[in-house]
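Below, each chain spelled out in residue letters.
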Amino acid sequence: MAIVRSQAVMTTPPSGMRPLSIEDKVLKTRPNKTRLLTALMALNKVAVDDYKFRINEQKIDPGYITCTALNAGANQITVSAADAAYIRLGTTLRLDHQNAYLVTAVNYSTGVITLNGTTNLTNSSVLNIGGTGSEELSLRPAAISRIPVQIENFVETQRDAWGTSRHTQNVRYYGGSRVWQTEDDATWEHKRSIDRGCWFNVKAETTQDSGNGSQVLLKTNGILSLITTNVYTFGSNLVSMDKIRTNLRIGTRFTMSDRLWLCFGAKGQELLDKICYDKTVPQQFNTTALFDVTTYTIGGKKLVPMIIDHFDNGMDDTWVVLDPEFLEIVTTQDQQSNQRQWMLKRTIKPQDNTNGVDGTINDILTDYGVRLHNEMAHSIWDGAQAVGS
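The notes below deal with the structure included here. (Residues numbered from 1 in each chain as written. Predicted model: local features only at pLDDT ≥ 70, side-chain atom pairs only at ≥ 80, totals over all residues. Heavy atoms only, no water.)

### With respect to the overall build of the protein chain
Along the protein chain, the regular secondary structure elements total nine helices and 26 strands. The proportion of buried residues among the 389 residues of the protein chain is 42%. Pairs at least 24 residues apart make up 73% of the contacts formed inside the protein chain by residues separated by at least 6 positions. On the protein chain, roughly 20900 Å² of surface is accessible, and the fraction owed to carbon and sulfur atoms is 48%. (Helix = DSSP H or I, 4+ residues; strand = E, 2+ residues; numbered from the N terminus. Buried < 20%, exposed > 50% of the residue type's maximum accessible area, 1.4 Å probe, protein only. Contact = heavy atoms within 4.5 Å. Areas by Shrake-Rupley, 256 points an atom, 1.4 Å probe, with all protein chains shown as cover.)

### Structural notes on the pairing of strand 20 (residues 301-307)
The two faces of the sheet receive side chains in turn, since in a regular strand these alternate between them. Summarising burial for strand 20: five of the seven residues are buried, a large majority. Two strands pair when backbone bridges link them, and strand 18 (residues 259-264) and strand 20 are joined in this way by six bridges, in the parallel orientation. The partner of C263 across the bridge, within strand 20, is M306. By the bridge criterion, three bridges tie strand 19 (residues 296-298) to strand 20 in an arrangement that is antiparallel. By the bridge assignment for strand 20, Y296 is matched with L303. (Pairing = 2+ DSSP bridges.)

### Points about helix 2 (residues 35-42)
Burial of helix 2 is extensive: six of the eight residues sit out of reach of the surface. When we look at burial in helix 2, the residues that qualify are L36, L37, T38, A39, L40 and M41. Where helix 2 ends, the next residue or the one after it, N44, has phi of about 60°, a positive value.

### What about the pattern of salt bridges?
For the structure shown, the criterion picks out 14 salt bridges. Several salt bridges share partner residues, and in doing so they unite K25, E183, D184 and K345 into one network. (Salt bridge = Lys/Arg side-chain N within 4 Å of Asp/Glu carboxyl O.)

### Description of the sheet that holds strand 9 (residues 112-115)
With antiparallel pairing, seven strands are arranged side by side in an open sheet as 4-10-7-8-9-6-5. What marks the edges here is a single partner per strand, and that holds for strand 4 (64-66) and strand 5 (69-71). Between one strand axis and the next, the sheet turns through 35° on average, direction left out of account. Of the pairings in the sheet, the one linking strand 7 (residues 92-94) to strand 10 (residues 126-129) comprises two bridges and is antiparallel in character. Within the sheet, the bridge partner assigned to R94 lies in strand 10 and is N128. (Axes fitted to C-alpha atoms, helices over the stretch in contact; angles between N-to-C directions.)

### Focus on the packing of aromatic side chains
Summed over all chains, the structure comprises seven aromatic pairs. Ring plane angle 45° and centroid distance 6.3 Å describe the contact between Y86 and F254, whose orientation is recorded as tilted. Taken together, the residues Y86 in the loop between helix 3 (81-84) and strand 7 and F254 in the loop between helix 7 (241-251) and strand 18 connect sequence positions 168 residues apart. On the basis of relative accessibility, which here comes to 5%, the residue F254 falls in the buried class. Members of the aromatic cluster, connected to one another through ring pairs, are F234, F264, W319 and W381. (Phe/Tyr/Trp six-rings, centres within 6.5 Å; stacked < 30°, edge-to-face > 60°.)

### Considerations on the sheet that holds strand 19
Spatial ordering of the open sheet is given by 16-25-21-18-20-19, a layout of six strands whose pairing is mixed. Each end of this open sheet is capped by a strand with a single partner; those strands are strand 16 (231-233) and strand 19. The average undirected angle you get between the axes of adjacent strands in this sheet is 25°. Helix 8 (residues 266-278) rests against strand 18, strand 19, strand 20 and strand 21 (319-322) of the sheet, and its axis sits at about 120° to strand 18.

### Overview of the side chain of S125
Structurally, S125 is set in the loop between strand 9 and strand 10. A polar contact of 2.8 Å, which involves the side chain of S125, links it to the backbone nitrogen of T122. For S125, the residues in contact, after removing those within four places along its chain, are I65, T66, C67, L95 and N120. (Polar contact = N/O pair within 3.5 Å; in protein donor to acceptor, adjacent residues only side chain to side chain.)

### So, the nonpolar core
Counting 36 residues, the largest nonpolar core has L36, W199, I223, W261, V320, L322 and L327 as the members making the most contacts within it. By residue number, the principal contributor to this core is helix 2, which donates five residues. In this view, L322 contacts L36, W199, I223, I227, L260, W261, C263, L327 and H378; residues no more than four positions away in its chain are not counted. Membership of the second largest hydrophobic core comes to 20 residues, among which are M241, I244, I275 and W381. (Core = buried A, V, L, I, M, F, W, Y, C linked by side-chain atoms within 4.5 Å.)

Geometry only, nothing functional implied.
Next comes the structure, spelled out in C-alpha cells:
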C-alpha cells in the first residue's frame, strides 16, 4: 500500500532562503570614492518603484521675478517666459518697503507685464511676488492650478560576479569585464559603477544580442542628463566669488534644503579654496598650508563641497549643485517576497550554472535609477578652469 504524503508549495520563499542583502557592507565600502551613492544610501533615499518610473516636474513659485527690460513710458517691464508664467492679472509686485505695483496685463508670449506705474524701477530690478491665486466677487473663473509635468526614467540592472572556488577564480566563466577575483573587488566595483551611472548614464532602451537571450536592456538617465534648465557657463572660464553669487541667486530659486551639495572634482575644491583664501588674511603659515573649505555659505544657502573623483577625467571644469531634498535612488522589488532588488548577494552552485563551469560562484545584483524631482532646484556650472574675474 502506497503512502501518500502531502507536499507544501511555497509561493513566497521564507526570509532564510531569500538572497542576502549586503547593503550595509556596500555602504561602508570606500565612501570617499563614491560620495553621491554613499550619501543617498546613508540618508535612506532609496525608493521602490517600477522599471519605468515617473518623475514629477512640479515648478514651485520662486517668490520673485527679475526684470530684463523697462519701458517706463508704457508702464511695462519685460521678464523671462518662465517668470511671466507665475504672474496673473491683479498680482502685486513689490520692489521694496515703499514701492509696489499692480499688474494690469500680462503677455505670456513676450513676457511683457503692464503695471499701474514704474517709479524707481530699472531694467534689472528684482520684484517680489504677492499672492497669485486670489479672486473676489467673480463668476467662478477657472482656478489657477499648476499640474506637474511628468517625465519617465528607467531602472537598470547591475550585476557583478566572483568565484568562491579556486577553479572559478582562475577561469573567467562569463564573457565581458564584470567578473572579479574576490568579493571585496566585486563589491567595490559594483558600488563604483552604480555611482558613476547615477552621474553619467543616458536613458536608453535596447535589446541584448541573441547570445545573451535577446533580453530588453534598460539604462537610466543620470543626473547630468536630467538637469537641463539651470545650466550656466563661467565667463572666460574664470571663477570668482561674484560669479558664484550670481549662479546661486538664479540657480537656487526653487531649492528647499538649506544645505546644498556642491559637487566637483579635486580641481574644483582647489579653486574654491583659492577663492576663499584670497578673501581672508591668514595669521600664520600653518593657516595657509592647511586651508580647507568645508562649507561655503552665501545668500542664506550653505554649500557643502563634495569631491567627485569621476569628474577628474575630462570633467574637472564642471560643478554641479544638487538639492538632496529632491534627489533619490529608485529600485524595484520582488512581487512575491516584496524584497528590494538592492545589493543582493546570491550563490550559484555548479548544478545551477548553465555555463558548465566546475565550481561555485557568487554575484551581487542591484536595480537602480535616478529620480530628480523639481529639476529646476538643481544646476550645472561649467567652465571652471581658473580663478579670476
